[in-house]
Amino acid sequence: MTARTPHQPAALTRRAALTGLAAGAGALAVGGGARTAAAAPRPSAKAVGPTPGAMQLFADPGFDFAGLLALGAAGMRASEVGEVLTAVNAINAAGLSEQTFSDTFRAWGDRLAAPPAAGRHGHGAPSQTRRFRSLRAAQYYAQALFYVLGTDHPGDEESLYLAGRGAWDTFAALCSPAAVRAQVPYGRTRLPVWFFRPDGPAEPRPTVILTNGSDGQNLDMWTYGVAAALGRGWNALVYDGPGQGQLLFVEEIPFTTRWEKVVGPLVDWLERREDVDGGRIALTGLSMGGNLVARAAAFEHRLAAVACQPGCVSPWLGFDAELRAVVTPDKEETNRVWNEEVVPELTPELAFTVRKRFEIFDRQALRQARQGVVPTDIWTPAQVAMGLDVTKVVGRIKAPTLVLDYDFELFYPGQPQQMYDLLRTRREYVKMTEATGAQLHCSPMAPQQHCDVVFDWLADVLQRQRNFRKTS
């Protein structure tokens, strides 16, 4: 797919492109653990922003979002308030930067990934202690991972991911019952999956497939779904797709524009299990995952319900118009303008933003990012980002669909309503609001409230599905 924006060099100055980069590329930080770019515009001291008073951990809104995401996860035991605030104080005291943020949270991850004191003394540390220490370690490694490309050791990205993955795997193995680990075939590789079940008889249960976004990690799916599902007696499936987790950071496989080819094998795998009710399989997507699951549901019709959190019809529109105008149908000209006119003007903060935002869409961009190099080919990853547009296929979704929106939704403003309007199935639109502390993309300060909304809606839909089958 090529850009539809005509190339108008005279209308595009280098400064305009950089402005667009700050506002747009940063706005595409839209994973389950979404963060805005470090270079996002600072609010004035007098402005009343989306995080007033005690909600502001850092002066920079991008770092502040990351901190709030970690702090909010405490309600699901995926962080500790005192640990996060101690880290915040240390970062602010040292001087806020990608380096101090990443290094501080990495140290917290290392501290908690180590065996608890009882284990070190040979007395056998209680598994529950190690379980939730590991979950918090995974959280702090994820915080460090997001900003590591902006530090003096960007090549540590894979090893830092693996540290967080190890902590997550430890947590999953210590759940009761332990999460089922599997590898589901996908193309030439396999999708890592973690299947969580409630304690009790192995009877067919409703099951939720939890989908991350562009930079979320597995632990975010615990916060935004697994715990809520288990509490309702449901199963929950967590997985890494292309552009995520193991497939991105280890196998270097970028995002695909055909997410139905990812979800289809997962549904196949679930339907073969005796403890899954094949007629009540739901699919949720957090952050950019709201775009991915809409694409999947348009072609995979075995799903009983879909939740887009938020509705996102085009991640590419998260980039500022001036930046999008750099990308034209002409690959050679696009990259010439990029490398000759835009890249030389990048500040270190903007260079980090570019590396982080485009590594998920292209293997070469990923490898260059780990070398501390801004991608020299911006055209290729842009085609993937543009190809994620689901405007023309949303109307094909048959499953009942929930579309969430948020006060101060800065990544995809207006897109949730647009998706809702395009739907031709049973649908519901819900806005998470500032009045209850659930503002900002994905409600980072209110994941429990977020899960209440999503899972109460799912429970209603799935119960209707069950009643219909009984009477038909």
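A quick note: this is a predicted structure, and the numbers were derived from the prediction, not measured. (Residues numbered from 1 in each chain as written. Predicted model: local features only at pLDDT ≥ 70, side-chain atom pairs only at ≥ 80, totals over all residues. Heavy atoms only, no water.)

(A) Expanded view of the overall build of the protein chain. Across its full length, the protein chain carries 18 helices and eight strands. Taken across its 472 residues, the protein chain has 59% of its residues classed as buried. Intrachain contacts of the protein chain at a sequence separation of at least 6 include 75% that bridge at least 24 residues. Of the roughly 17,500 Å² that the protein chain leaves accessible, carbon and sulfur atoms contribute 51%. (Helix = DSSP H or I, 4+ residues; strand = E, 2+ residues; numbered from the N terminus. Buried < 20%, exposed > 50% of the residue type's maximum accessible area, 1.4 Å probe, protein only. Contact = heavy atoms within 4.5 Å. Areas by Shrake-Rupley, 256 points an atom, 1.4 Å probe, with all protein chains shown as cover.)

(B) Representation of the sheet that holds strand E1 (residues 180-186). The strand order E1-E2-E4-E3-E5-E6-E7-E8 describes an open sheet built from eight strands, whose pairing is mixed. For this open sheet the edge positions go to E1 and strand E8 (427-432), each flanked by a neighbour on one side alone. Strand-to-strand twist in this sheet, taken as the mean axis angle between neighbours without regard to direction, amounts to 20 degrees. Strand direction decides the pairing type here: strand E5 (residues 276-286) and strand E6 (residues 305-309), joined by five bridges, are parallel. Within the sheet, the bridge partner assigned to Thr284 lies in E6 and is Ala307. (Pairing = 2+ DSSP bridges. Axes fitted to C-alpha atoms, helices over the stretch in contact; angles between N-to-C directions.)

(C) Structural view of the pairing of strand E3 (residues 205-211). For E3, the tally of buried residues reaches seven of seven residues, placing the bulk of the element in the interior. Bridge analysis of E3 against E5 gives six bridges, and the strand direction is parallel. What sits directly across from Val208, in E5, is Ala282. Of the pairings in the sheet, the one linking E3 to strand E4 (residues 235-239) comprises four bridges and is parallel in character. Across the sheet, residue Ile209 finds its bridge partner in E4, namely Leu237. Regarding the hand of the β-α-β motif, the stretch spanning E3, helix H8 (residues 218-231) and E4 is right-handed. (Right-handed = clockwise from strand over helix to strand, strands pointing away.)

(D) How the structure looks around empty space enclosed by the protein. Considering all chains together, one arrives at four cavities of 30 Å³ or more under this definition. Size it by volume and the largest cavity reaches roughly 100 Å³. In this structure, the largest cavity is lined by Ala138, Tyr141, Ala142, Leu145, Leu160, Tyr161, Gly164, Arg165, Trp168, Gln217, Asn218 and Leu219. Put simply, the parts of the chain that give the lining of the largest cavity at least two residues each are helix H6 (127-147), helix H7 (157-174) and H8. Per-element tally for the lining of the largest cavity: the top contributor is H7, with five residues. Reported here for the second largest cavity is a volume of approximately 50 Å³. As for the second largest cavity, its lining consists of Trp316, Leu323, Val326, Val327, Trp338, Phe358, Ile378 and Ala382. When the residues that make up the lining of the second largest cavity are grouped by side-chain class, the tally is eight nonpolar, no polar and no charged. (1 Å grid on protein atoms, 1.4 Å probe; cavity = no way out; pocket = protein on both sides within 12 Å on 5 of 7 lines; lining within 4 Å. Points joined across faces, edges and corners; volume = space filled by probe spheres on them. Nonpolar A, V, L, I, M, F, W, Y, C, P; charged D, E, K, R; others polar.)

(E) Fine view of unusual backbone geometry. Here the residue pair Ser176 and Pro177 is connected by a cis peptide bond, since its omega of 0 degrees sits within 30 degrees of zero. Residue Pro310 is bonded to the preceding Gln309 through a cis peptide linkage, with omega at 5 degrees. Phi angles above zero are rare outside glycine, and Phe408 is one such case at about 65 degrees. Tracing the sequence through the fold places Phe408 in the loop between strand E7 (401-406) and helix H17 (415-422). Using a relative accessible area of 33% as the deciding quantity, one classes Phe408 as partly exposed. Unusually for a residue other than glycine, Cys442 sits at a positive phi of about 70 degrees. Within the secondary structure, Cys442 sits in the loop between E8 and helix H18 (447-471). With relative accessibility at 1%, the residue Cys442 sits in the buried group.

(F) Broad picture of helix H15 (residues 363-370). Restricting attention to buried positions, one finds in H15 the residues Ala365, Leu366, Gln368, Ala369 and Arg370. Looking at the packing, one finds that the buried side of H15 touches H7, helix H9 (245-249) and helix H14 (348-358). At the N-terminal end of H15, a side-chain oxygen is found 3.3 Å from the backbone nitrogen of Gln364, two or three residues along, and the residue is Asp362. Gly372, located one to two residues past H15, shows a positive phi value of around 75 degrees. (Polar contact = N/O pair within 3.5 Å; in protein donor to acceptor, adjacent residues only side chain to side chain.)

(G) Quick look at the side chain of Glu409. Tracing the backbone shows Glu409 in the loop between E7 and H17. Lys431 provides the closest opposite charge to the buried, salt-bridge-free Glu409, at an N-O distance of 9.3 Å. Engagement of the side chain of Glu409 in a polar contact is seen with the side chain of His441, the distance being 2.9 Å. Dropping the residues within four chain positions of it, Glu409 is found in contact with Pro310 and His441. (Lys, Arg positive; Asp, Glu negative; His and termini not counted. Salt bridge = Lys/Arg side-chain N within 4 Å of Asp/Glu carboxyl O.)

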